[in-house]
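If you want the building blocks of each chain, they are given just below.
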Amino acid sequence: MTSVEDTTGRTAGSGPSGYAAARLRLLQEESRSGPARRSALAGLTDDWLSALFTTAVRESGVRGATLVAVGGYGRAELSPRSDLDLVLLHDGKADPKALAALADRLWYPVWDLGLALDHSVRTPAEARRTAAEDLKVHLGLLDARSVAGDAGLLAGLRTSVLADWRNQAPRRLPELHSLCRERAERAGELRFLLEPDLKEARGGLRDITALRAVAASWLADAPREGLAEARRRLLDTRDALHLVTGRATDRLSLQEHDQVAAQLGLLDADALLREVYEAARVVAYAGDVTWREVGRVLRARAARPRLRGLLGGRGERTVPRAPLAEGIVESDGEAVLALAARPDRDAVLPLRLAAAAAQAGLPVSPHAVRRLATQAKPLPVPWPAEAREQLLTLLGAGEPTVAVWEAMEAEGLITRLLPDWERVRCRPQRNPVHTWTVDRHLIETAVRAAALTRRVHRPDLLLMAALLHDIGKGWPGDHSVVGQTIAQDMAARVGFGPEDVAVLGTLVRHHLLLIDTATRRDLDDPATLRSVADAVGSVGTLEILHALTEADALATGPAAWSAWRGSLVADLVARVAAVLRGTAPAERAPEIPSTEQERLAVEALRTGEPVLALHARHEEDAVGVELVLAVPDQPGLLPAAAGVLALHRLTVRAADLRSVELPDRLGEVLVLRWRVAAEYGALPEAARLRTDLVRALDGSLDVPARLADREAAYPRRRGVVPPPPRVTVVPEVSPLATVLEVRAPDAVGLLHRIGRALESGGVRVRSAHVSTLGANAVDTLYVTTPEGKPLDPAAATALAERVASALA
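Note that the structure is a prediction, hence the values are computed from the model and not measured.

**Student:** Sorry, what's going on with the packing of aromatic side chains here?
**Tutor:** Two aromatic rings are characterised by how far apart their centres lie and by the angle between their planes. All told, the structure shown has four aromatic pairs when counted by the stated rule. Between the aromatic rings of Y19 and W48, the centroid separation amounts to 4.2 Å while the plane-to-plane angle is 5°, which identifies the pairing as stacked. Placement of the pair is Y19 in helix 1 (residues 16-28) and W48 in helix 2 (residues 34-60), with a sequence separation of 29 residues. Residue placement shows R145 over the ring face of Y73; its charged tip is 5.2 Å from the ring centre.

Rendered as structure tokens:
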């Protein structure tokens, strides 16, 4: 048997077992990783396939053939579980049966090892015709490399394929760009995904291959700064993923984050994601610049014959340069520096360029940004008024701000202007509710805030607060508390005065206050309104905080904002504004039941059974349901009602419970108002809900067992194990009740289990405020003793422990 020498210096047989052993030894070498390991693995595979090819040619009698590696293997970039892309190239003179026998002797040993194989058998002419018809084949052949046999066959094919690629570039590159866009739509943006596909997602390895193809066309070239390092980082991550999983996968799943990070010698999973996101950002930006240049060149080529005709062959006119701002002009669809611009003397020029480009809806020239990165004069601290105004102009431009900001950030200008930005740049957010990384979320919030500036008296403070509200996420501790200090420092650096700095600090410190209070607190309690008023301090600040809350939620993701949430926040703001103006009632006014509630209560007393009304409401975000339930007060009502709703697949958004006393009638009726939404499908019928509720209350419907059966039917998916539920007593929120806050993974019948624990604890539930974001639920419950008093501290602590135990 022919032998080959493996990369460790030992001789390995050319059979599958010899190659497999040498391959295993190579992958287990801790001293070799990254490009060196990929190259060594490709070399080892070359030697093995070359020996196979030599033996197969001798046994089949075929002459005039060569074994060609294409794609990643052609670039000598083999990850541990990469497939092998091979073409058996032949001159067409061999007997077909002999050629088939040669191919079998090559492919079967690869399959025997369990390696994925993409293979074909073609003549150079066939390969060239296939490439002309199939873009992916053409891309693979651009990286073709001879492994064994007659290398002259490939040399001629490579020359033809490259010539075809360059000649057909005006047609092929738009086709390639369309494929890249379709793939991005399908796989998403790598730098914002918690479980990204390292190859397919935008900013991944496929995009790097596309950029190489553009460069091979000689039509345009990608920015080279950082691109090679980004490519190495993504390939290293894929290598580690293959070693950890033992599979040929490109998806970086949550359960593999920690192991992949350890394999790469990184501190933790967040450090891994940040490195991957950094690399993807570089690739995505290079792609944006490159495809824009491709479009510009193709448009210029298309226009050139028409220009020659118009000018009568007297030459081509120069591209007009329209002024945009001092030192900034528009040229060929980009914002560029004017010929007379002096970056070394004009410290505001970078911000003026960015603001002018965003206001005009133009991309900034990468050459201009790169020049500013190396030549711009530093801004003094605090900034002059013009610099601050240009920053605010940039932030207020709306959607065009995003691309301009990212272009500035790609060349390091943002962190030079705002050094604290470095801590949030490309920082992942593991909460699935968040769509973006921290830095992109801040810019998206500014974009949303720009649309709300007409609602506030100080648009500048709204935009700056939007930019800085999560700036504390780059530091340990509560990001709102830490962020207040950082935001005040940054605001002073930008040139805001002391009073404005204080307001910005308040906005950052309390940017979650309104949404948390509106969805988790009893707004009828004067203590709730007073606490918010004390934190905000003034009607003007409250006005800005309201707009910031909406912008923040809209920029977070679709689960963070809805018409329902907006109405709750607006109600809270109106009530707190009344407190700040001194027009709110000092004491809680007695609640008067509505006509419908009174009607339902009368019917419940008459029949002695539950009575309910179901109202469908169509909102912009979902089909919502308002459920009003009246029932003679009795134990177990809350868990029974919550359990029945869960069985009917209704998600509880809010719940309010109150006792209604009817004049001239004996007895008391409990009225429950629910705000629910159907998980999917049609809304349940009121009659079915009522029937099941009656059965749940009389014990003929075993709600816990039914919920357990339903949960068992849907096993938990693989993924990160969520943290355990946490139940806390929230102090000093209400003088009228004890407030419990339950934070837990959202699950079937969660509120039912909470209600059972509270019932067993012998307390009454005055109101419940339910908030579900993604996979997490935050339920706030106001409870009292049977006499309607708050619990003493020891009893409250014991109750919290009881609820936590029930959820565990």
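**Student:** In this structure, what is going on with the sheet that holds strand 4 (residues 84-90)? I would like to understand it.
**Tutor:** Strands belonging to one sheet form pairs held by backbone hydrogen bonds; the direction of such a pair is parallel or antiparallel. Read from one edge to the other, the open sheet built from four strands follows the order 5-4-3-6, with strand pairing classed as mixed. Each having just a single partner strand, strand 5 (117-122) and strand 6 (145-149) make up the two edges of the open sheet. Each strand axis lies, on average, 25° off the axis of its neighbour in the sheet, ignoring direction. In this sheet, strand 4 lies alongside strand 3 (residues 65-69) in antiparallel orientation, the contact comprising five bridges. Paired with V68 across the bridge in strand 4 is V87. The sheet strands contacting helix 2 are strand 3, strand 4 and strand 6, and the helix crosses strand 6 at an angle near 40°. Packing of helix 7 (residues 151-167) onto the sheet brings it into contact with strand 3, strand 4 and strand 6, and relative to strand 3 it is tilted by some 55°.

**Student:** Help me understand the nonpolar core, please; the structure alone is not making it clear to me.
**Tutor:** As a rule of thumb, nonpolar side chains are buried together in soluble globular proteins. Membership of the largest hydrophobic core comes to 93 residues, with the highest contact counts inside it found for L353, W383, W405, L418, W421, L467 and F496. Setting aside residues no more than four positions away along its own chain, L353 makes contact with I328, A335, V336, L337, V364, A368, V369 and L372. Of all hydrophobic cores here, the second largest spans 49 residues; its members include L650, A744, L751 and L807.

**Student:** Looking at this structure, how should I read the packing of helix 15 (residues 385-395) against helix 16 (residues 400-410)?
**Tutor:** Axis angle and axis distance: for two packed helices, these are the angle between their axes and the distance between the axes, and together they describe the pair. Contact geometry for helix 15 and helix 16: axes closest at 9 Å, N-to-C directions at 125°. It follows that helix 15 is oblique to helix 16 by the angle criterion. For the pair formed by helix 15 and helix 16, the contact residues are L391, L394 and L395 on the first element and T401, V404 and W405 on the second. Split by residue class, the contact of helix 15 with helix 16 holds five nonpolar, one polar and no charged.

**Student:** Whenever I open this one, the side chain of E411 confuses me. Can you help?
**Tutor:** Relative to the assigned elements, E411 resides in the loop between helix 16 and helix 17 (413-417). Take E411: its relative accessible area is 17%, and that puts it in the buried class. Once you skip the residues sitting within four places of it in the chain, E411 turns out to touch Y285, V369, R370 and A373.

**Student:** Just checking my understanding: could you explain the pairing of strand 4 for this structure?
**Tutor:** The side chains of a regular strand alternate between the sheet's two faces. With seven of seven residues buried, strand 4 is to be regarded as a mostly interior element. Side chains of strand 4 alternate between two faces, with L84, L86, L88 and H90 and D85, V87 and L89 buried alike. A crossover connection joins strand 4 to the parallel strand 5 through helix 4 (residues 96-112); in handedness this β-α-β unit is right-handed.

Reading the values: the criteria
Residues numbered from 1 in each chain as written. Predicted model: local features only at pLDDT ≥ 70, side-chain atom pairs only at ≥ 80, totals over all residues. Heavy atoms only, no water. Phe/Tyr/Trp six-rings, centres within 6.5 Å; stacked < 30°, edge-to-face > 60°. Helix = DSSP H or I, 4+ residues; strand = E, 2+ residues; numbered from the N terminus. Lys NZ or Arg CZ within 6 Å of the ring centre and 35° of its normal. Pairing = 2+ DSSP bridges. Axes fitted to C-alpha atoms, helices over the stretch in contact; angles between N-to-C directions. Contact = heavy atoms within 4.5 Å. Core = buried A, V, L, I, M, F, W, Y, C linked by side-chain atoms within 4.5 Å. Buried < 20%, exposed > 50% of the residue type's maximum accessible area, 1.4 Å probe, protein only. Parallel < 35°, antiparallel > 145°, perpendicular 65-115°, else oblique. Nonpolar A, V, L, I, M, F, W, Y, C, P; charged D, E, K, R; others polar. Right-handed = clockwise from strand over helix to strand, strands pointing away.

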